[in-house]
Amino acid sequence: LGPIFSPEGIINFDAWLSTEYINFWPVLLAVYAIFSAGGMVAREVERGTMDLLLSQPLPRYRVLITKFATILVGLCIIALFSMVGIYLGISIVNAQANEWGILLALVQGIFMLIAIASYSALFSCLFLSPRTTLTTSGVLTGASYIINVTATSLGPLSWTQKLSLFYYFRPLEVIHTSRLDGTGLGIYLAVSIVCLALALVIFERKDIVF
């Protein structure tokens, strides 16, 4: 990584932004991902509106994919506004910043959020209950975050940190190198593909009682 502090002992803007904002950006948006993806099937079933959706001449997989794509669009819009806000802040304070690296760090965060949304969608199809889905997704995400923060102090169990999705989100490294972390990106994509594939299979075969 590049220098974090200037010769005067002042933290540079990239490091400050990463520490104070980008590190927590996907943590905050995880709530949106969990509620949106976790309720996209379960909430429709609870409200009794799923029969209306499935009565349309559309295959089930298309219903699920369309709903998930809407969530992805929402995440991208939020990321876009976040980036615009960061760029405006950089212009106002006239800070020296790696704008391309900052954008890539947000992209890395989006891929982590897609992974979280994917397993939330899986639980939504599996349980068909908003409360159970949100609880399971929330507990899993919270546990993943806690493991990432505390695992280094667990001695022989420190390896468990690598089980956390948050472990592979390293915005400061992405900003300094101006490259996406291939390992983290691969893990996020693998989790997303597996969970979405399982969600599609379950949703296709699930007996939904209205």
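Keep in mind that this is a model prediction, so the values were computed, not measured.

Trainee: Is there a simple way to explain a nonpolar patch on the surface in this structure?
Mentor: On the surface, a cluster of nonpolar side chains totalling about 520 Å² of accessible area is made up of L80, V84, L88, I92 and V93. Looking at where L88 falls in the secondary structure, it is placed in helix α5 (residues 60–93). Under the relative-accessibility criterion, L88 is labelled exposed at 52%.

Trainee: Whenever I open this one, the packing of aromatic side chains confuses me. Can you help?
Mentor: Between two aromatic rings, the relevant description is the distance of the centres plus the angle of the planes. Under the definition given, this model contains five aromatic pairs. Aromatic side chains Y145 and F166 sit 5.3 Å apart centroid to centroid with 85 degrees between the ring planes, which places their arrangement in the edge-to-face category. Remark: F166 occurs in the loop between α7 (130–150) and α8 (171–177) and Y145 occurs in helix α7; sequence separation between them is 21 residues. Judged by its relative accessible area of 29%, Y145 is partly exposed. Judged by its relative accessible area of 7%, F166 falls in the buried class. Here Y167 and Y168 contribute two aromatic rings whose centre-to-centre distance is 4.9 Å and whose plane-to-plane angle is 85 degrees, an arrangement assigned as edge-to-face. Judged by relative accessible area, Y168 falls into the buried class, the value being 11%.

Reading guide: rules and limits
Per chain, residue numbering runs from 1 following the sequence as it is written. Owing to the predicted nature of the model, reporting of local features is limited to residues with pLDDT of at least 70; listing and counting of side-chain atom pairs is limited to 80 or more, with chain, interface and lining totals taken over all residues. In computing side-chain properties, one takes all heavy atoms of the structure into account and sets aside hydrogens as well as water. Like-charged residues are merged into a patch within 9 Å and nonpolar side chains (Val, Leu, Ile, Met, Phe, Trp, Tyr) within 5 Å, provided each residue has over 30% relative accessible area and no salt bridge. Computed with a 1.4 Å probe, the accessible areas rest on the Shrake-Rupley method; for each residue, only the protein chains presented here act as cover. Any carboxyl oxygen of Asp or Glu within 4 Å of a side-chain nitrogen of Lys or Arg constitutes a salt bridge here. Put simply, DSSP marks the helices as runs of H or I at least four residues long and the strands as runs of E at least two long, and each gets a number from the N terminus on. Summary of the burial criterion: residues with accessible area below 20% of their type's maximum are buried, those above 50% are exposed, and those between are partly exposed, where the area comes from a 1.4 Å probe applied to protein chains only. In this scheme Phe, Tyr and Trp rings, the latter by its six-membered ring, pair at centre separations within 6.5 Å, and the angle between planes marks the pair as stacked below 30 degrees, edge-to-face above 60, and tilted otherwise.

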